[in-house]
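Given next are the chains, with one letter for each unit.
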Amino acid sequence: MTHDHTYLSQLTVTDLIECAHRGNWTGPEAHMIRALAERLEEHLDAVADYDAVNAALMDANRRAESWREEAMAVQRQLDQVRG
């Protein structure tokens, strides 16, 4: 299975991985292409995991900031009451 470089360079990484898995690869390149596709999938999974953790941390940070602002507002009210 061969593809023109121009065609391959226009594919997304996901499409390239699918192409690598579908391909009827023979010769010494076969194992390398399959291994590269598997490694790319692992890296894409890691990126997705990182993005999920990062989103959760950003959400927690927003909540913490909100709680801090609420605490500061309560402290200001206490300061006013105490005079």
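This structure is a prediction, so every number in the text was calculated from the model and none was measured.

J.: Just checking my understanding: could you explain the nonpolar core for this structure?
T.: Nonpolar side chains in soluble globular proteins generally cluster together in the buried interior. Ranked by size, the top nonpolar core spans six residues in total: I17, A20, W25, A30, I33 and A37. Only α2 (13-22) and α3 (29-82) provide two or more residues apiece to this core. When residues of this core are assigned to their parent elements, the largest contribution, three residues, is made by α3. Among all residues touching I33, those that are not within four sequence positions of it are A20 and W25.

J.: Is there a simple way to explain α3 in this structure?
T.: Because the α-helix completes a turn every 3.6 residues, residues three or four places apart line up on one side. Taking 1.5 Å of rise per residue, 54 residues should cover 80 Å, and α3 covers 78 Å from first to last C-alpha, within 8% of that figure. Listed as buried for α3 are A30, I33 and A37. Among the structural elements, α2 are those in contact with the buried residues of α3.

J.: Looking at this model, I keep getting lost on a negative patch on the surface. Mind explaining?
T.: Taken together, E38, E41, D45 and D49 make up a surface patch of like negative charges. In this fold, D49 is placed in helix α3.

J.: When you look at the pattern of salt bridges in this model, what are you seeing that I'm missing?
T.: Where side chains of opposite charge bring their charged atoms close, a pairing between them can arise. For the structure on display, the rule yields five salt bridges. Its salt-bridge partner being D59, residue R62 comes within 3.9 Å of it at the nearest N-O pair. Of this pair, R62 and D59 both sit in helix α3, three residues apart, which is roughly one turn of the helix. The partner of D59 in a salt bridge is R63, and the shortest N-O contact between them spans 2.5 Å. Of the two residues, D59 and R63 are both situated in helix α3; the distance of four residues between them amounts to about one turn of the helix.

Conventions we followed
- Residue numbers here run from 1 along each chain, matching the order of that chain's written sequence.
- Note on the predicted model: pLDDT of at least 70 is required for a residue's local features to be given, and 80 or more for side-chain atom pairs to be given and counted; whole-chain, interface and lining totals, by contrast, use all residues.
- Only hydrogens and water are removed before side-chain values are computed, so all heavy atoms of the structure are retained for them.
- The nonpolar core is taken to be a set of buried Ala, Val, Leu, Ile, Met, Phe, Trp, Tyr and Cys residues, with the residues joined through side-chain atoms within 4.5 Å.
- Relative accessibility under 20% of the residue-type maximum defines a buried residue, over 50% an exposed one, and the middle range a partly exposed one, all with a 1.4 Å probe and only protein chains included.
- Every helix listed is a DSSP run of H or I at least four residues long, and every strand listed is a run of E at least two residues long, numbered separately from the N terminus.
- Contact between two residues is taken to exist if any of their heavy atoms lie within 4.5 Å; hydrogens are not considered.
- Multiplying one less than the number of residues by 1.5 Å gives the expected span of a helix.
- Exposure above 30% relative accessible area and no salt bridge define the residues that can form patches, which grow by joining like charges within 9 Å and nonpolar side chains of Val, Leu, Ile, Met, Phe, Trp and Tyr within 5 Å.
- The protein chains shown are the only cover counted for residues, whose accessible areas, like all others here, come from Shrake-Rupley with a 1.4 Å probe.
- Salt bridge criterion: a side-chain nitrogen from Lys or Arg within 4 Å of a carboxyl oxygen from Asp or Glu.
- Residues counted as positive are Lys and Arg, residues counted as negative are Asp and Glu, and His and the chain ends are not counted.
- By convention, the charge on Lys lies at NZ, on Arg at CZ, on Asp at CG and on Glu at CD.

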